[in-house]
2 protein chains.
Amino acid sequence: MKKIDILKKLRSSGLRPTKQRVEIARFLFEREKTFHFTVESLNKFFEKKTTSKIALATIYNTVHAFKNAGHLSEVEVRGKKTYFDTNVSNHHHFYDSDTSELIDIDANDVIIQKIPKAPNGKKIKNIEVFINLKN
Amino acid sequence: MKKIDILKKLRSSGLRPTKQRVEIARFLFEREKTFHFTVESLNKFFEKKTTSKIALATIYNTVHAFKNAGHLSEVEVRGKKTYFDTNVSNHHHFYDSDTSELIDIDANDVIIQKIPKAPNGKKIKNIEVFINLKN
DNA sequence: TTTTCACTTTAGAATCATTATAAACTAAAA
DNA sequence: TTTTAGTTTATAATGATTCTAAAGTGAAAA
Ligand SMILES: [Mn+2]
Ligand SMILES: [Mn+2]
Ligand SMILES: [Zn+2]
Ligand SMILES: [Zn+2]
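Residues numbered from 1 in each chain as written. Chains lettered and ligands numbered in written order. Predicted model: local features only at pLDDT ≥ 70, side-chain atom pairs only at ≥ 80, totals over all residues. Heavy atoms only, no water.

### Details of the domain arrangement of chain A
Residue and element names in this part refer to chain A. Considered domain by domain, chain A is made up of domain 1 (3-77) and domain 2 (91-133). For domain 1 versus domain 2, the separation of C-alpha centres amounts to 26 Å. Residue-level contacts link five residues of domain 1 with seven residues of domain 2. At the boundary of domain 1 with domain 2, total buried surface from both sides reaches about 500 Å², with 65% on carbon and sulfur atoms. The interface formed by domain 1 and domain 2 includes zero salt bridges. Run the count over domain 1 and domain 2 and you get three residue pairs in polar contact (both at pLDDT 80 or more). In terms of residue class, the side of domain 1 that touches domain 2 is built from two nonpolar, two polar and one charged. (Domains from an automatic or database assignment. Contact = heavy atoms within 4.5 Å. Buried area = accessible area lost by both parts, 1.4 Å probe. Salt bridge = Lys/Arg side-chain N within 4 Å of Asp/Glu carboxyl O. Polar contact = N/O pair within 3.5 Å; in protein donor to acceptor, adjacent residues only side chain to side chain. Nonpolar A, V, L, I, M, F, W, Y, C, P; charged D, E, K, R; others polar.)

Encoded structure:
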């Protein structure tokens, strides 16, 4: 992902490209593969980089802005912390409760043959499949 | 569910049948159909019954004991509160985010034709399907 | 019957992720 | 240069959950 795209992501989220926000955006989006993270893990990363300490509130605010703009999705995982995902396409997950690790499953790798009708007056928005793992 | 089964559920959870625990167990298990609840909803119910106020800590303790004994399951739902389920069989859920309501789907009503292999060294424990609803 | 004692209940404190607040800061525009 | 809207930040507040420690309960022992 190029720098111009980082700026585009920020602008489309209603965020001015400040130093802190650009750093967060680069960490999230300047990589080969998408990944899953928590606010805590993000914060730890920036704490280690002594060059740049970013306030926790700024991390929360920026992550939420990206999420609201559709640049991040939220994955529901057992436990207290909220997991975010830079993969915003329709996909599924393996979940390894031993390591608390999420692994993406491409939507095409899951075929559902039969599902029940939606309740009266409701429609199906999307289907999420979680495959829980054990050793 | 008969009173003897209530006592059985308590005993198999390592709990003596005290007045409070029996009340909780009867509310959870003495009904035709299984249901989903939060600790908050349980607590509200007992607050209304002026005959019996049960401390929040007792509700938490009892619910966790039932869960550990396999008499309750936990359903992962978006949002802060933990949802419990008196349906402990393998099944799936509709989730209506408008009303925060969970609706059971029988395991037989979902047929999955294709799933990916588990990652190296891991096995599949179970599969959970969430069908999110909209209006 | 009285005492003992392990188990319970309970109110309130502590924890921890998240959200809110409000003061200081920044930089573009006037 | 001044204004101003937007931003960062430290800290406080919130809310679900867990912990704690003191008081209560009741079955069995003495
Ligand atoms: Mn969760
Ligand atoms: Mn949840
Ligand atoms: Zn993912
Ligand atoms: Zn259910």
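Alright, that's what it looks like, and here's the rest.
### Looking at the packing of aromatic side chains
Enumeration according to the criterion identifies 15 aromatic pairs over all chains in this entry. Centroid distance phenylalanine 27 of chain A to phenylalanine 45 of chain A: 4.0 Å. Interplanar angle 20°. Geometry classified as stacked. Here phenylalanine 45 of chain A lies in helix H3 (residues 39-48) and phenylalanine 27 of chain A lies in helix H2 (residues 19-29), a separation of 18 residues in the sequence. Seen in terms of ring centroids, phenylalanine 37 of chain B and phenylalanine 84 of chain B are 5.7 Å apart; in terms of plane orientation they differ by 25°. Their pairing is stacked. In this pair, phenylalanine 37 of chain B is assigned in strand S1 (residues 36-38) and phenylalanine 84 of chain B in strand S3 (residues 83-85), connecting sequence segments 47 residues apart. Owing to a relative accessible area of 2%, phenylalanine 37 of chain B belongs among the buried residues under this scheme. Among the residues examined, phenylalanine 84 of chain B registers a relative accessible area of 2% and is labelled buried. Across the ring face of phenylalanine 27 of chain A, the terminal group of arginine 31 of chain A is positioned such that the distance to the ring centre comes to 4.8 Å. (Phe/Tyr/Trp six-rings, centres within 6.5 Å; stacked < 30°, edge-to-face > 60°. Helix = DSSP H or I, 4+ residues; strand = E, 2+ residues; numbered from the N terminus. Buried < 20%, exposed > 50% of the residue type's maximum accessible area, 1.4 Å probe, protein only. Lys NZ or Arg CZ within 6 Å of the ring centre and 35° of its normal.)

### Focus on the interface of chain A and chain B
Note: interface size is frequently given as the accessible area lost on complex formation between the parts. The interface is formed by 39 residues belonging to chain A together with 39 residues belonging to chain B. Buried surface at the junction of chain A and chain B, summed over both partners, amounts to about 3,600 Å²; 54% is from carbon and sulfur atoms. Counting across the chain A and chain B interface gives four salt bridges. In this structure, lysine 122 of chain B and aspartate 96 of chain A form a salt bridge, with 2.7 Å as the shortest nitrogen-oxygen distance. Inspection of the region where chain A meets chain B yields 22 residue pairs in polar contact (both at pLDDT 80 or more). Secondary-structure elements contributing two or more residues to the side of chain A that touches chain B are strand S2 (73-75), strand S4 (91-96), strand S5 (101-106), strand S6 (111-114) and strand S7 (123-134) of chain A. The greatest single-element share of the side of chain A that touches chain B, amounting to twelve residues, is contributed by S7 of chain A. Classifying every residue of the side of chain A that touches chain B by side-chain character gives 18 nonpolar, eight polar and 13 charged. Alignment of S6 of chain A against strand S6 (residues 111-114) of chain B, held across three bridges, turns out to be antiparallel. (Pairing = 2+ DSSP bridges.)

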